[in-house]
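Below are the chains, spelled out letter by letter.
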Amino acid sequence: MRKSWLTAGTILAGFVASLPAHAQNMEMTFSGSLDYQFQFADQDQPSAGTGVNLSAVADQSELIWDARATADNGLQYGASIEWRFASNGGNGGGTFDEAYLMFGGGWGTLQVGSVDDPVDEMATGGHDVQAHSEGFDGEFGNVYTQIGDAGFLGTEASSDDANKIAYYTPNFGGFEAGFAFTPESNVSLQSQGTDTSTATNILESSLAYGVELGDVPVTASLGYRHADADDNTSGSDVEDVNAWRTGVKVGFGPIELGAGYGYNGDSACQKGTQCDAGENVQLGLGWDYGAGRFAIGYATGWETNNDGTEDSIDVYNISMDYTVTEGLIAYGDLVHARSDNGTAGAANENEGTVLLVGTAVFF
């Protein structure tokens, strides 16, 4: 075991030992949302059952239980549990998406458990200005069949909601930073280590800065991820994960512009091949027209396979939402996507258009 992990464990053990034994004035809140949408798809290579669908939106339908308290010594502490629909659908079931403990104070915030990673959590860019349906970052992939593996948003080997220890600094003059250590990429909640993760010993760090230049708000972010990689199949020797994500968002009254860039280098590539894990760019423009938001977006990504062929994808979207009344919105999203795996032939590319129309209630 690395000395740094032993040191981190010693510090954490000492911190936990100093916590209050009993909750005092614990405040419990319950909130959530339910989002249903029709999904229409017209594409060159449709998959079975993806023509017309009515389904709940997994990443925007959720129930959240949140408990918070402050000890006599000023320590803030609590727990949060988030429930969402099961990603496989079709069985009426659900799954806990996040479950973590929180400790905080003037020194920052510490999270322990299954929670989002700081690189993606603090990232800004073109995805950040879209309407409710999120455009190229939304649900169109449920009915559009992507050819190839090119990523068009974010970076390689995100720890996502895997069990981790994360720390966020206070805001210093507009600057905030986040750091996290995740033992295994696919181990979350009550699951245990299985040595089948595609990434282990994941270290993530992110820096965000926000400033007002007159009446123009500017937000920028920079994130870095390092991890040990494993292909989990042939036992081939692969490159470690070293990936960067950066972005900026600028506001001009009711209009926001956003741009983002992700760079994966040779992360998780098999050594001795032509593999390149790729790059991606995303752009967005959003307009708050009073009763809602209208947005357009574009995202593209490309990567090189072991044999030198290149996967690519381009996604364009127009999205809009409308606040019917407090806690109730209606929305629509039109997405056009094209993807291929660099090999000739109709089976190796797909072009399609997806229309999403839905409504959501927040409580």
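Residues numbered from 1 in each chain as written. Predicted model: local features only at pLDDT ≥ 70, side-chain atom pairs only at ≥ 80, totals over all residues. Heavy atoms only, no water.

Undergrad: Lay out the overall build of the protein with the relevant residues and their values.
TA: Secondary structure assignment for the protein yields two helices and 17 strands. Counting over 363 residues, the protein shows a buried share of 40%. Within the structure as shown, the protein displays about 17,900 Å² of accessible surface, and the carbon and sulfur contribution to it stands at 57%. (Helix = DSSP H or I, 4+ residues; strand = E, 2+ residues; numbered from the N terminus. Buried < 20%, exposed > 50% of the residue type's maximum accessible area, 1.4 Å probe, protein only. Areas by Shrake-Rupley, 256 points an atom, 1.4 Å probe, with all protein chains shown as cover.)

Undergrad: Describe in detail the pairing of strand β17 (residues 349–362), supporting the description with residues and values.
TA: Pairing of strand β1 (residues 27–43) with β17 involves eleven bridges; the strand directions are antiparallel. Within β17, the residue paired with Gln43 across the bridge is Gly352. In the sheet, strand β16 (residues 328–340) pairs with β17 via 13 bridges, with the strands oriented antiparallel. Within β17, the residue paired with Ala330 across the bridge is Thr359. (Pairing = 2+ DSSP bridges.)

Undergrad: Residues and numbers for the nonpolar core, please.
TA: One finds Phe140, Tyr144, Phe152, Ile313, Val315 and Val354 to be the most contacted residues of the largest nonpolar core, which totals 13 residues. Listing elements by their share of this core, those giving two or more residues are β15 (310–325), β16 and β17. Discounting residues that sit within four places of it in the chain, Ile313 has contacts with Tyr144, Gln146, Ala150, Phe152, Ala299, Thr300, Gly301, Arg338 and Ser339. Core analysis: the next-biggest nonpolar cluster, separate from the first, contains eight residues, Ala157, Ile202, Ala227 and Ala243 among them. (Core = buried A, V, L, I, M, F, W, Y, C linked by side-chain atoms within 4.5 Å. Contact = heavy atoms within 4.5 Å.)

Undergrad: Let's hear about the state of the cysteines: which residues, and what values?
TA: Going through the model one piece at a time under the given rule, you end up with one disulfide. A disulfide bridge connects Cys269 with Cys275, and the sulfur atoms are separated by 2.0 Å. Judged by the torsion about the S-S bond (-60°), the Cys269/Cys275 disulfide is left-handed. (Disulfide = S-S within 2.5 Å.)

Undergrad: Can you lay out the pattern of salt bridges for me, pointing to particular residues and giving the numbers?
TA: Scanning all chains against the criterion turns up 15 salt bridges. The partner of Asp128 in a salt bridge is Lys249, with the nearest N and O atoms 3.4 Å apart. Placement of the pair is Asp128 in the loop between α2 (118–121) and β7 (163–168) and Lys249 in strand β11 (residues 241–252), with a sequence separation of 121 residues. Ionic pairing is found between Arg293 and Asp288, a salt bridge with its closest N-O pair at 2.8 Å. A single salt-bridge network, built from bridges that share partners, covers Asp117, Asp120, Glu204, Arg225 and Arg245. (Salt bridge = Lys/Arg side-chain N within 4 Å of Asp/Glu carboxyl O.)

Undergrad: Run through unusual backbone geometry, naming residues and quoting values.
TA: Phi is positive for Ala157, close to 60°, though the residue is something other than glycine. Counting through the fold element by element, Ala157 comes out in the loop between α2 and β7. Even without being glycine, Asp160 reaches a positive phi, approximately 50°. Classification of Asp160 by relative accessible area gives partly exposed; the value is 46%.

Undergrad: Let's hear about the side chain of Arg245: which residues, and what values?
TA: On the secondary structure map, Arg245 appears in strand β11. Looking at Arg245, its side chain comes within polar contact range of the side chain of Asp120, at 2.8 Å. (Polar contact = N/O pair within 3.5 Å; in protein donor to acceptor, adjacent residues only side chain to side chain.)

Undergrad: Any chance you could break down the confidence of the model for the protein for me, citing the residues and the numbers?
TA: On average, the protein scores 89 in pLDDT, and the residues at 70 or more come to 87%. Low pLDDT, under 50, characterises residues 1–11; the predicted model gives this stretch six contacts beyond four residues in sequence or across chains. (pLDDT = per-residue confidence, 0-100.)

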